[in-house]
Amino acid sequence: MHRPLEQTPRPAPGCAWRVLISACLLFDLSACGEDEEERAEAAAVVPGEKERERAKREQEKREREKREQEKREQEKREQEKREQEKREQEKREKQEREKQEREAREREEQAKTPRFSIGGQLSGLASGRNITLRTNSGEELPVNANGAFRFKKLLISGEAYQVEISRQPFWQFCEVQQGQGQAMSSISSVKVLCSDAVAEVTTLAGSGKAGFADGQRLAASFNTPGLVTIDVHGNVYVADYINHRIRKITPEGKVSTLAGSGVAGFADGQGAEASFRSPVGVAVDHEGHVYVADNRNHRIRKITPTGKVTTMAGSGNSDFEDGVGVQSSFRYPAGVAVDHEGHVYVADNWNHRIRKITPTGKVTTMAGSGNAAFEDGMGVQSSFRYPAGVAVDHEGHVYVADSDNHRIRKITPTGKVTTMAGSGNAAFEDGMGVQSSFRYPAGVAVDHEGHVFVADNSNRRIRKITPAGEVTTLAGSGQPGGLDGQGAMASFKSPYGVAVGQEGNLYVADTSNHLIRKISPVKAR
């Protein structure tokens, strides 16, 4: 007979599982087997969990120790860095103290030793020109006006000195007199005397016969060259009008064809695959891109340094229209110029206007009413008569050879048009501003000091205009010819284009002589 369950004695701990089994049998508890299995599994899992917990704690400990080690190392590095900076600061302070002590000693020595300065007088320097003097110690002194000058560096008694010219003024030659000796006292006797250079005309390239040939200097041939330009490397570019090509002349005189098939036509393309129709104007930017006034195609073309030709602006119709790229129109464009920002200026010859093209190809009218007339004024209130060559200076002022008005005009960046020189009479006269005279001026160029050079076409001379407006004649007898020589001893035959290089040399397209001439500043013989 079974006793009640609650009166059953508690089994010993080791016999718990036997009692549990008996109870399951007694009460037919089918789930008891499942609970027992779960408990067995749980009992089996416990040792694994403990192991993982222990591993986790050990890992956390290692990571903590690693962080502490890294922190100690970082603190050590920072301490070493602070110590290094301290040492360097102490070193600098020491060097500064030594420098101050050394300078103090030098001042004391200088106070004990007599020191003298070197100076003198400069005369003959043209207005707006600059000269740089230099001593044998290497000190340079820029001077921009006549009168007294003095170097800053002092010489000790008996020290040798020598004054020389480091940089000559543009289109002048200067010489030093009484410029060397020994400093026994302060010197004021050095003399620097300047005088205008003389224009030496030579032939750069061309056989003198109308034709086409690439080659070296006089072995090359041109046919009625138009305007010219020069790049920063001294390469000269020529619009070879009748040959329908753009030519290139290296500083050594080698003539080659940059672009153009030689057949009058219109085609973009690479080098000789492209075609022009009587190109007149050329300009080159600081990257070597050449811009062409393709006169009888009524377009502005662009040539990359590798010779690829594209159309920058112009529909090809002989018309007038502002717009973008080929939506615009020109009528026999002549001169082109480009500024340092890539804006192109065009003398739109038969439209009697000066046009402007942005680097993105937008064409606008900068100045000119469109009437063949003469009028100064703002923008389109002014008038031109068949403008030919254009040039632009580093400040954005545009200079125009207003050919049939026999004047040189100037346009400010805001569009104000004034007359720089020329009476308006087709004549020859040197003088100030409008007291001077030109006869169908064609090409213009401007140097870095603001001097304007003019190819005075029908006067067969090359003229110069100072920033103050004084007009003089650089070269040309006025008689038709092709003689090389100095100043008025040289002769031209309808000079059309002129360009000025960085060294002051001029390059002239002597159109009817089919030559490219060079004018160099030289000391008068």
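Keep in mind the model is a prediction, meaning the values are calculated, not measured.

## A look at the overall build of the protein
Inference 1: From N to C terminus, the protein includes 2 helices and 40 strands.
Inference 2: Taken against the 2.2 N^0.38 rule, which gives 24 Å for 525 residues, the C-alpha radius of gyration of the protein at 44 Å runs more than 25% over that of a compact globule.
Inference 3: Over its C-alpha atoms, taken along the principal directions, the protein stretches across nearly 155 × 85 × 50 Å.
Inference 4: The buried share of the protein, taken over its 525 residues, is 44%.

## Observations regarding the sheet that holds strand β40 (residues 515-522)
Inference 1: Spatial ordering of the open sheet is given by β37-β11-β40-β39-β38, a layout of 5 strands whose pairing is antiparallel. Of all strands in the sheet, those with a lone pairing partner are β37 (485-486) and β38 (495-500), marking the two edges.

## Regarding the nonpolar core
Inference 1: I118, L122, I131, L133, F149 and V192 are the most contacted members of the largest nonpolar core, which totals 20 residues.
Inference 2: Breaking this core down by element, the ones donating at least two residues are β2 (118-123), β3 (131-135), β4 (140-143), β7 (159-167) and β10 (187-196).
Inference 3: Counting residues per element, this core draws most heavily on β10, which supplies 4 residues.
Inference 4: Contact partners of L133, with chain neighbours within four places excluded, come to E139, E140, L141, V143, F149, F151, E164, I165, S166 and V192.
Inference 5: Formed by 18 residues, the second largest nonpolar core is a distinct cluster that contains A197, A475, F492 and I519.

## Description of the state of the cysteines
Inference 1: Evaluated as defined, the whole model comprises 1 disulfide.
Inference 2: The disulfide partner of C174 is C194, and the S-S distance across this bridge is 2.0 Å. Between C174 and C194, the S-S torsion sits near 110 degrees, and that sign places the bridge as right-handed. Here the residue C174 occupies a position in strand β8 (residues 172-177), and C194 occupies one in strand β10, the gap between them amounting to 20 residues. Of the two residues, C174 and C194, neither departs from the other in class, the shared state being buried.

## Focus on the pattern of salt bridges
Inference 1: For the structure shown, the criterion picks out 19 salt bridges.
Inference 2: Across the pair E164 and R134 runs a salt bridge whose closest N-O atoms are separated by 3.2 Å. Placement of E164 in strand β7 and of R134 in strand β3 is noted, with a sequence separation of 30 residues between them.
Inference 3: Residue E164 is classed as partly exposed on the basis of its relative accessible area of 33%.

## Concerning the packing of aromatic side chains
Inference 1: Tallied over the entire structure, the rule returns 2 aromatic pairs.
Inference 2: For the pair F149 and F151, a centre-to-centre distance of 6.3 Å together with 90 degrees between the ring planes defines the contact as edge-to-face. Assigned by exposure class, F149 and F151 land together as buried.
Inference 3: Above the ring of F276, the side-chain terminus of R301 is found at 4.9 Å from the ring centroid.
Inference 4: The ring of F384 carries R409 above its face, with NZ or CZ at 4.8 Å from the centroid.

## Let's talk about unusual backbone geometry
Inference 1: Positive phi, close to 60 degrees, is recorded for T224, a residue that is not glycine.
Inference 2: Relative to the elements of secondary structure, T224 occurs in the loop between β12 (215-216) and β13 (225-230).
Inference 3: With phi around 60 degrees, S494 is a residue other than glycine that occupies positive phi space.
Inference 4: Mapped onto the elements of the fold, S494 is located in the loop between β37 and β38.

## Things to note about the confidence of the model for the protein
Inference 1: Per-residue confidence for the protein averages 90 on the pLDDT scale, and 90% of its residues sit at or above 70.
Inference 2: Counted against residues more than four places away or in other chains, residues 1-34, with its pLDDT under 50, gives 8 contacts.

## Comments concerning the pairing of strand β11 (residues 198-205)
Inference 1: In this sheet, β40 lies alongside β11 in antiparallel orientation, the contact comprising 7 bridges. Opposite V198, over in β40, you have V522 as the bridge partner.
Inference 2: Here β11 pairs with β37 via 2 bridges, running antiparallel. Bridging across to β37, E200 finds its partner in Q486.

## Some details on the sheet that holds strand β36 (residues 470-475)
Inference 1: In space, the 5 strands of this open sheet follow the order β32-β36-β35-β34-β33, with antiparallel pairing throughout. Of all strands in the sheet, those with a lone pairing partner are β32 (431-432) and β33 (441-446), marking the two edges.
Inference 2: In this sheet, strand β35 (residues 461-465) lies alongside strand β34 (residues 452-456) in antiparallel orientation, the contact comprising 5 bridges. If you follow D456 over to β35, its bridge partner there is R461.

## Here's the deal with the environment of Q168
Inference 1: With respect to the secondary-structure elements, Q168 resides in the loop between β7 and β8.
Inference 2: As a C-alpha pair, Q168 and N130 span 38 residues in sequence and 7.6 Å in three-dimensional space.
Inference 3: Contacts of Q168, omitting those with residues within four sequence positions, involve N130, F173 and C174.

## A word on the pairing of strand β25 (residues 353-357)
Inference 1: Within β25, 4 of the 5 residues are buried, which leaves it mostly tucked inside the rest of the structure.
Inference 2: As paired elements, strand β24 (residues 344-348) and β25 share 5 bridges and run antiparallel to each other. By the bridge assignment for β25, V344 is matched with I357.
Inference 3: Taken together, β24 and the strand that follows it, β25, pair antiparallel across an intervening segment of 4 residues, in which H352 is found at a positive phi of about 55 degrees.
Inference 4: Taken together, β25 and the strand that follows it, strand β26 (residues 362-367), pair antiparallel across an intervening segment of 4 residues, in which G361 is found at a positive phi of about 95 degrees.

## A short note on the side chain of Q172
Inference 1: Here Q172 lies in strand β8.
Inference 2: On the basis of relative accessibility, which here comes to 2%, the residue Q172 falls in the buried class.
Inference 3: Beyond its immediate chain neighbours, meaning those up to four positions away, Q172 contacts G124, L125, A126, R129, C194, S195, D196 and A197.

What counts and how
Residues numbered from 1 in each chain as written. Predicted model: local features only at pLDDT ≥ 70, side-chain atom pairs only at ≥ 80, totals over all residues. Heavy atoms only, no water. Helix = DSSP H or I, 4+ residues; strand = E, 2+ residues; numbered from the N terminus. Rg over C-alpha atoms; globule rule 2.2 N^0.38 Å. Buried < 20%, exposed > 50% of the residue type's maximum accessible area, 1.4 Å probe, protein only. Pairing = 2+ DSSP bridges. Core = buried A, V, L, I, M, F, W, Y, C linked by side-chain atoms within 4.5 Å. Contact = heavy atoms within 4.5 Å. Disulfide = S-S within 2.5 Å. Salt bridge = Lys/Arg side-chain N within 4 Å of Asp/Glu carboxyl O. Phe/Tyr/Trp six-rings, centres within 6.5 Å; stacked < 30°, edge-to-face > 60°. Lys NZ or Arg CZ within 6 Å of the ring centre and 35° of its normal. pLDDT = per-residue confidence, 0-100.

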